[in-house]
Amino acid sequence: MAKKQFKAESKRLLDLMIHSIYTNREIFLRELISNASDALDKRYYCSLTDENHRVNKEDLKIQLEIDKENRRLILSDTGIGMNEAELETNLGTIAKSGSLEFKKKLEENNDLDIIGQFGVGFYSAFMVAKKIIVESRSINSEQGYAWTSNGEDGYQITPILKEDFGTKIILDLKDNTEEENYDEFLEEYKIKQLVKKYSDYVRYPIQMECEVSKPNEEDEKEEPITVKETQTLNSMIPLWKRNKSEITEDEYNEFYKNKFMDWNDPLKVIHYSVEGTTSYRALLYIPSKTPYNFYSAEYESGLQLYSKGVFIMDKAKDLIPEYFRFVKGLIDSDDLNLNISREILQQDRQVKALARNIEKKIKNALEDLLKNEREKYEEFYKSFGLSLKYGIYSDYGMHKDQLQDLIMFVSSKEDKLVTLKEYVERMKEDQQVIYYACGENIEQIKKLPQIERLMDKDYEILFFTDDVDEFAVQVMQQYNDKQFKSVNQGDLDLDSEDEKKQKEETAKQNASMLEAMKNALSSKVKDVKISSRLKSHPVCLTSEEGVSLEMEKVLSQMPNGNEIKASRVLEINPNHEIFTTMQNVYESNPELINEYADLLYTQALLIEGFKVEDPIQYANEICNLMIKANK
Ligand code: ADP
């Protein structure tokens, strides 16, 4: 039988795995046991839904065997098994989805701590084995097959005789070297310890023939005798069925990491049970770090669904709203039909009620975190806040009431994250609206000319740095009867009556100059105005109500978004020297007004982060000015 090569990138990844010295190499056992447990779940499910596949629950188990003589560790399960094609696709290609990304990360920091995230579990066995044989027989097949590989140069699949269904994995442990010793994986105590540590809650017995010493019954004075005895190494009670008060943080964390393929401890555990029309237990987790593919189409959200402790499906999307898609976990209900399919799940009234209830619980848990563990909440928010903001924006704002108290923004006060509630509660007495400013980052926003006078008057400003921010508050329209107001849109209403009068006067006196500027820029701006938001800066760009400058930027990056434009207004600071200069130019040299207006407009564009329409012309104009000034 010819040897087959691993797909190119699988091979490179394997090389890395085989040759890296990894302190946590022991996790290979947890990965293999977890695969076996999944395979048993699948078989049990088949047995309940298809009478051709009946099996006794007692026959579902995992067996470990140590063969010291041949330096082998053997792991068998009576699960669903794999046929030839499945061996090929499941073990011949590494982690179909995440492999490239995984390899990149590995090469970047040579850190194997991320194994779990990428579903390359099986291959972790190559950290301790020089050769792996997987003997398997699918419950749908008469024939068994063996997959053999030393990881380095491909794999082989051969037909074998296998009497029972399931999978047997034989690990030929690596030879010891001066740096590395693998003997511990041939020690009973070590294997027991690893099973306890990582796989205690696995719901099928994990058994091993163990040596037990017994008193010599014939003659008690003699040395005790050693006998072999099959022991079950795990306690088998699913974690979510146990009492909350009896579960340690470690147990919750290990379960999470093992089951949901994350190396980091979760940020928050939500474990509860509900009695009612649909009774269920839930064990939910909020991860502490954003999964590497969270914002890509590849990320699959959803909860695992169990019915009466029987695994039904992975990633049931309909149990959780899109904006809480970061939550991982499982639901176990005694009231659901075992034959429930994804299609039924979507329409089922009972499931919809379940989903609503889960959503409420998650929301409460987050509110609780915000209230009682602020630092943790902020950590959570940095990882997943974007998801909440998209949630507000999506579906025409249908979920805004659910989410508005969970979102936060960095504000001009203290540079810290604040909630809308906190903002509104400390608004100044005369303040009518919630001010916000958009920009690429906080530092840039702080330098915006448009916020000068607001800051001067000590109004708090929310800093919007994500594209979705402004869209989200536009959908909300208001929070607690307070409208949202962009610092560079419309009128900020910052002037006192006196100031207003004075401004009107200035505008009147300079009406023709402003008109000339407006004409000069007629294709670019809707209006040129005396500004009341500037203090020390000469000019700034604002927009009239409606589409804002930031929204224009975001929309222009979308297909067909180019047509949507903000109506731009150039504002000039009447207290800046440039204003007097413009007045003088207009009186003595009116033909220059066009060029000057254009220069000011271009500067305002630059400050706003827009591209200059004609950078060459702008550069030439500045040069001309420099030359003139020094003649
Ligand atoms: P993951 O478990 O993340 O999918 P693995 O590399 O650990 O990635 O396993 C790849 C696939 O091989 C599994 O998804 C499963 O379909 C199959 N597999 C692994 N071990 C077993 C087993 N003991 N019995 C049946 N199928 C298995």
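Since this is a predicted model, take the numbers as computed values, not measurements. (Residues numbered from 1 in each chain as written. Predicted model: local features only at pLDDT ≥ 70, side-chain atom pairs only at ≥ 80, totals over all residues. Heavy atoms only, no water.)

Visitor: Help me understand the overall build of the protein, please; the structure alone is not making it clear to me.
Guide: Tallying secondary structure elements over the protein gives 20 helices and 22 strands in all. Scaling as 2.2 N^0.38, a compact globule of 631 residues should have a C-alpha radius of gyration of about 25 Å, whereas the protein reaches 34 Å, well beyond that. Expressed as a percentage of its 631 residues, the buried residues of the protein come to 51%. Sequence-distant contacts in the protein: of pairs separated by 6 or more residues, those separated by 24 or more amount to 70%. Split by element, the accessible area of the protein, about 31,900 Å² in all, is 45% carbon and sulfur. Positive and negative charge centroids in the protein, built from 86 and 117 side chains respectively, lie 2 Å apart. (Helix = DSSP H or I, 4+ residues; strand = E, 2+ residues; numbered from the N terminus. Rg over C-alpha atoms; globule rule 2.2 N^0.38 Å. Buried < 20%, exposed > 50% of the residue type's maximum accessible area, 1.4 Å probe, protein only. Contact = heavy atoms within 4.5 Å. Areas by Shrake-Rupley, 256 points an atom, 1.4 Å probe, with all protein chains shown as cover. Lys, Arg positive; Asp, Glu negative; His and termini not counted. Charge placed at Lys NZ, Arg CZ, Asp CG, Glu CD.)

Visitor: Explain the pairing of strand β1 (residues 62–67) here, please?
Guide: It is a general feature of regular strands that their side chains alternate between the two faces of the sheet. Looking at chain direction, β1 and strand β2 (residues 72–77) are connected through six bridges and run antiparallel. Across the sheet, the residue bridging to I62 is D77, located in β2. Remark: four residues form the turn of the hairpin made by β1 and β2, two consecutive strands paired antiparallel; R71 in that turn has positive phi of roughly 50°. Where β1 meets strand β7 (residues 206–214), three bridges bridge the pair, whose relative direction is parallel. Note on β7: the bridge partner recorded for I62 is I206. (Pairing = 2+ DSSP bridges.)

Visitor: It is not clear to me how the sheet that holds strand β10 (residues 280–286) should be interpreted in this structure. Could you clarify?
Guide: Strand pairing in a sheet relies on backbone hydrogen bonds, with the paired strands running either antiparallel or parallel. As summarised here, the arrangement of the five strands in space is β9-β10-β13-β11-β12, forming an open sheet in which the pairing is mixed. With one partner strand each, in any of the chains shown, β9 (268–274) and β12 (310–316) form the two edges of the open sheet. Averaged over all pairs of adjacent strands, the angle between their axes in this sheet comes to 15°, without regard to strand direction. The pairing of strand β11 (residues 303–307) with strand β13 (residues 328–333) spans four bridges and is classified as parallel. Following the sheet pairing, L305 is matched in β13 by I331. (Axes fitted to C-alpha atoms, helices over the stretch in contact; angles between N-to-C directions.)

Visitor: What's the story with unusual backbone geometry in this structure? I'm lost.
Guide: Peptide bonds are trans in most cases, and residues, glycine excluded, mostly fall at negative phi. Notably, E414 is not glycine yet its phi reads approximately 65°, a positive angle. By secondary structure assignment, the location of E414 is in the loop between β14 (408–411) and β15 (417–419). For E414, a relative accessible area of 57% corresponds to the exposed category. Of note in this structure, N480 is not a glycine but carries a positive phi near 50°. Among the secondary structure elements, N480 is positioned in the loop between β18 (478–479) and β19 (482–486). A relative accessible area of 53% places N480 in the exposed class.

Visitor: Looking at this model, I keep getting lost on helix α5 (residues 188–199). Mind explaining?
Guide: It helps to recall that an α-helix has 3.6 residues per turn; residues three or four apart then point in one direction. Its twelve residues place the ends of α5 16 Å apart at the C-alpha level, agreeing with the 16 Å of an ideal helix rising 1.5 Å per residue. Residues of α5 that are buried: E188, K190, I191, L194, V195, Y198 and S199. The arc that holds every buried residue of α5, seen down its axis, measures 165°, which confines them to one face. Those residues of α5 that are buried lie in contact with α2 (27–49), β1, β2, β7 and α6 (249–260). (Expected span 1.5 Å × (residues − 1). Arc of directions from axis to C-beta.)

Visitor: Looking at this structure, I do not really get the sheet that holds strand β17 (residues 461–464). What am I missing?
Guide: Within the open sheet, the six strands sit side by side as β15-β14-β17-β16-β19-β18. Their pairing is mixed. A strand with exactly one partner marks an edge of an open sheet, and here the two such strands are β15 and β18. Here strand β16 (residues 434–438) pairs with β17 via four bridges, running parallel. From the neighbouring strand, A437 faces β17, where its bridge partner is F463. Running over the sheet, helix α9 (residues 374–393) touches β14 and β15 and is turned about 75° from β15.

Visitor: When you look at the pattern of salt bridges in this model, what are you seeing that I'm missing?
Guide: For side chains bearing opposite charge, pairing can occur when the charged atoms are close. This model, assessed by the stated rule, comprises 44 salt bridges. K363 is paired through a salt bridge with E367; the nearest N and O atoms lie 3.5 Å apart. With K363 and E367 both in helix α8 (residues 349–372), this residue pair falls four residues apart, about one helical turn. K363 gets classed as buried once you look at its relative accessible area, which sits at 17%. We note a salt bridge from K416 to E414, for which the minimum N-O separation is 3.8 Å. Overall, the relative accessible area of 48% leaves K416 in the partly exposed class. (Salt bridge = Lys/Arg side-chain N within 4 Å of Asp/Glu carboxyl O.)

Visitor: Teacher, can you tell me more about the environment of H399 here?
Guide: Its place among the elements puts H399 in the loop between α9 and α10 (400–403). By relative accessible area, H399 is classed as buried at 14%. Taking C-alpha positions, H399 is 33 Å from E249, a pair spaced 150 residues apart along the chain. With near-sequence residues (within four places) excluded, H399 lies in contact with Y323, G391 and S394.

Visitor: It is not clear to me how the packing of aromatic side chains should be interpreted in this structure. Could you clarify?
Guide: The description of an aromatic ring pair uses the distance of the two centres, along with the angle that the planes make with each other. One pass over the structure, following the stated rule, counts 24 aromatic pairs. Ring centres of F294 and Y299 lie 4.8 Å apart, and the angle between their planes is 75°; on these two criteria the pair is classed as edge-to-face. The class for F294 is buried, based on a relative accessible area of 0%. Taking relative accessible area as the criterion, Y299 reaches 9% and is therefore assigned buried. For the ring pair F294 and F384, a centre distance of 5.2 Å and an interplane angle of 75° mean the geometry is edge-to-face. Residue F294 is found in the loop between β10 and β11, and its partner F384 is found in helix α9; the two are separated by 90 residues along the sequence. Of the two residues, F294 and F384, neither departs from the other in class, the shared state being buried. (Phe/Tyr/Trp six-rings, centres within 6.5 Å; stacked < 30°, edge-to-face > 60°.)

Visitor: What am I meant to see in the environment of I607 here?
Guide: Examined against the element boundaries, I607 turns out to sit in helix α19 (residues 593–608). As for I607 and V539, which are separated by 68 residues in sequence, their C-alpha atoms are 9.5 Å apart. Setting aside residues up to four positions removed in sequence, I607 forms contacts with L448, P449 and V539.

Visitor: Looking at this model, I keep getting lost on α6. Mind explaining?
Guide: Under the 1.5 Å per step criterion, the end-to-end length of α6 is 16 Å for twelve residues, consistent within 8% with the ideal 16 Å. All of the buried residues in α6 are Y252, N253, E254, F255, Y256, K257, N258 and F260. A positive backbone phi angle near 50° is found at M261, which sits one or two residues after α6.

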